[in-house]
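One-letter residues, chain by chain:
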Amino acid sequence: LEASRFETVLQEQDVLLVGEGKTDFQTLSGKSPWAAIQVAEKLQKKSILISGVLGEGSEKIEAPGLVAKVACGREPSPEIALRRSVSEALLVLLE
């Protein structure tokens, strides 16, 4: 994340939208989505995690600014599932 100037770019944003294929206990072991959420916390930004699957241990992924964890799946198609999940996450953000 440092090489991409992620923190500098995130400072100019309102919300972090981050995703990965499978969110589980390994996510907390230094995977990029968790590192990005931690940077968002440092900057007091809200974050949304969209994952293909929320697996074992995903319930332990918590942060004050993490407003939604959404599993999008692949049905009826990956594109529609992702669109639906992003819409769901944005509704949570607007509440």
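Because the structure is a prediction, the values reported are computed rather than measured. (Residues numbered from 1 in each chain as written. Predicted model: local features only at pLDDT ≥ 70, side-chain atom pairs only at ≥ 80, totals over all residues. Heavy atoms only, no water.)

Visitor: Looking at this structure, I do not really get the sheet that holds strand β2 (residues 46–54). What am I missing?
Guide: In any sheet, the strands associate via hydrogen bonds between backbone groups, in a parallel or an antiparallel arrangement. Ordered by their spatial adjacency, 3 strands build an open sheet running β1-β2-β3, and the pairing between neighbours is parallel. The open sheet terminates on both sides in strands that have one partner only, identified here as β1 (15–23) and β3 (66–71). Neighbour-to-neighbour, the strand axes of the sheet open up by a mean angle of 20°, direction not taken into account. In this structure, β1 lies alongside β2, joined through 8 bridges in parallel fashion. Looking at β2, one finds that Thr23 is bridged to Leu54. In the packing of helix α2 (residues 32–42) onto the sheet, contacts are made with β1, β2 and β3, and the angle to β1 comes to roughly 160°. (Pairing = 2+ DSSP bridges. Helix = DSSP H or I, 4+ residues; strand = E, 2+ residues; numbered from the N terminus. Axes fitted to C-alpha atoms, helices over the stretch in contact; angles between N-to-C directions. Contact = heavy atoms within 4.5 Å.)

Visitor: I'm lost on the environment of Gln13 in this one. Help?
Guide: Tracing the sequence through the fold places Gln13 in the loop between α1 (6–11) and β1. Residues Gln13 and Ala40, 27 residues apart in the sequence, show an inter-C-alpha distance of 9.8 Å.

Visitor: How should α2 be read in this particular structure?
Guide: Since there are 3.6 residues in each turn of an α-helix, residues three or four apart along the chain are aligned in direction. Of the residues making up α2, those classed as buried are Pro33, Trp34, Ala36, Ile37, Val39 and Ala40. The inward-facing, buried residues of α2 abut α1, β1, β2 and β3. Taken from the residues just after α2, Gln44 is the one with a positive phi, measuring 60°. (Buried < 20%, exposed > 50% of the residue type's maximum accessible area, 1.4 Å probe, protein only.)

Visitor: I keep staring at the side chain of Ser58 and nothing clicks. Help me out?
Guide: Structurally, the position occupied by Ser58 is in the loop between β2 and β3. At 2.9 Å, the side chain of Ser58 and the backbone oxygen of Gly55 are in polar contact. Not counting residues within four places of it along the chain, the set of residues in contact with Ser58 comprises Thr23, Asp24, Phe25 and Lys69. (Polar contact = N/O pair within 3.5 Å; in protein donor to acceptor, adjacent residues only side chain to side chain.)

Visitor: Teacher, can you tell me more about unusual backbone geometry here?
Guide: Most peptide bonds take the trans configuration, and most residues that are not glycine carry a negative phi. Across the junction of Glu75 and Pro76, the peptide omega takes the value 0°, indicating a cis bond. Even without glycine at this site, Arg5 takes up a positive phi of about 60°. One can find Arg5 in the segment before α1.

Visitor: What is the right way to read the environment of Leu28 from this model?
Guide: Along the chain, the position of Leu28 falls in the loop between β1 and α2. Judged by relative accessible area, which is 33%, Leu28 ranks as partly exposed. As a C-alpha pair, Leu28 and Glu41 span 13 residues in sequence and 15 Å in three-dimensional space.

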